[in-house]
Amino acid sequence: MNPGQSTVITLDQQLYCKAKELQWANDDQCKTIFLRLGGFHIAKNFMCAIGNHFASSGLPEVWAESTVFGENTAQNNMQGKSYNRSIRAHKLTFEALWKMLWPSFIAWATDHNANQGYLKTASCKVVKALEQRENVTQTPNKVKDLEELLQNPNMHSLLEQFASSQAPTTQFWITYIQMVSVLLQFLRAERTGNWDLHKSAFAAMLPWFAQYDHANYTRWGSVYLADVMQLETSHPDVYQEFKSGNFVVKTTHNPFNQLSTDQALE
């Protein structure tokens, strides 16, 4: 290792807090070490926060009665115990809620004289993308269209107005969509090696950790986020590697298949 070259160590929260205290106590000897929270454990704990928020919502019963999952698996999904099954459950529910919410949103926007031309174009793009998603060759283009659509400030403004005008029950499930959106953004950051998205998605998770008494992740997650935001000046070599996508594990050249380092180990 070259003098001054940084060393990256990825840990779960229980080990991270101990290692961070040791680093603070031995700053001179450990100044070239950058400690990271593992993305796999972050995602599992955030799924637990989602489960806390919707503990009495009837969501596990919906999963069980629809025969998508058994009763025990449905309950475990609320605690994020099975990583892949929990993610699948939230993705299916997220899609189902959007399918119900989108027609209501279009109707509301029409009644409130929103930008009709923009909404018509947006609605057509969404429908076309859903209809053609089985066509693998067209999927990247449709995903790009949807990204441009949903990132448009007009869409953000309309969706915020729509959400604030809804009944409490609808707002409750819109909150679910928002939380799962944060989870999916974080997973996308890991799958694509997008360091900036990793930072913003984790920052969006912290208020939910605080709200649902994940005290350790709130406390040490704030420390981790502060280190991440200063990474460019504190460890410029690490920053350049992470910006290049080298904070995750990738074994093939196929897209969207990177893994968090702690997940790759497990």
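Throughout this document, residue positions are counted from 1 along each chain, in the order its sequence is written. Where totals are concerned, whole chains, interfaces and linings use all residues; where local detail is concerned, this predicted model gives features only for residues with pLDDT of at least 70, and gives and counts side-chain atom pairs only at 80 or more. Excluding hydrogens and water, the side-chain values take into account all heavy atoms of the structure.

Asker: Give me the lowdown on the overall build of the protein chain, citing residues and values where you can.
Answerer: Elements are defined by DSSP. Helices are runs of H or I of four residues or more, strands are runs of E of two residues or more, and each kind is numbered from the N terminus. The secondary structure content of the protein chain amounts to 15 helices and four strands. Per-residue accessibility, obtained with a 1.4 Å probe over protein chains only, is compared with the maximum for each type, and a residue is labelled buried under 20%, exposed over 50%, and partly exposed between these values. Taking all 266 residues of the protein chain together, the buried fraction comes to 41%. We call two residues contacting when some pair of their heavy atoms lies within 4.5 Å. When contacts within the protein chain are restricted to residue pairs at least 6 apart in sequence, those whose partners lie at least 24 apart make up 70%. Total accessible area on the protein chain stands at roughly 14,900 Å², and carbon and sulfur atoms take up 53% of it. Here, Shrake-Rupley sampling with a 1.4 Å probe gives the accessible areas, and only protein chains in the shown set may cover a residue.

Asker: Give a description of the side chain of histidine 198 that names residues and reports values.
Answerer: Turning to its location among the elements, histidine 198 is positioned in helix H11 (residues 195–211). Ignoring sequence-local partners within four residues, the contact set of histidine 198 consists of Arg36, Phe186, Ala189, Glu190, Tyr224 and Phe247.

Asker: Can you explain the nonpolar core? Please cite residues and give values.
Answerer: Residues grouped as a nonpolar core are buried Ala, Val, Leu, Ile, Met, Phe, Trp, Tyr and Cys residues, joined through side-chain atoms within 4.5 Å. One finds Phe46 and Phe202 to be the most contacted residues of the largest nonpolar core, which totals 64 residues. If you tally residues by element for this core, the top one is helix H6 (residues 83–111), at ten residues. Leaving out residues up to four positions away in the same chain, phenylalanine 46 has contacts with Met179, Val182, Leu183, Met205, Trp208 and Phe209.

Asker: Hey, could you go over the pattern of salt bridges for me, with residue numbers and the actual values?
Answerer: Salt bridges, as used here, are contacts in which a Lys or Arg side-chain nitrogen is within 4 Å of a carboxyl oxygen on Asp or Glu. Inspection of every chain in the model, using the stated rule, returns four salt bridges. Residue lysine 99 is joined to glutamate 95 by a salt bridge in which the shortest nitrogen-to-oxygen separation is 3.7 Å. Of this pair, lysine 99 and glutamate 95 both sit in helix H6, separated by four residues, roughly a single helical turn. Judged by relative accessible area, glutamate 95 falls into the partly exposed class, the value being 29%. One connected set of salt bridges, linked through shared partners, spans Asp196, Lys199 and Lys243.

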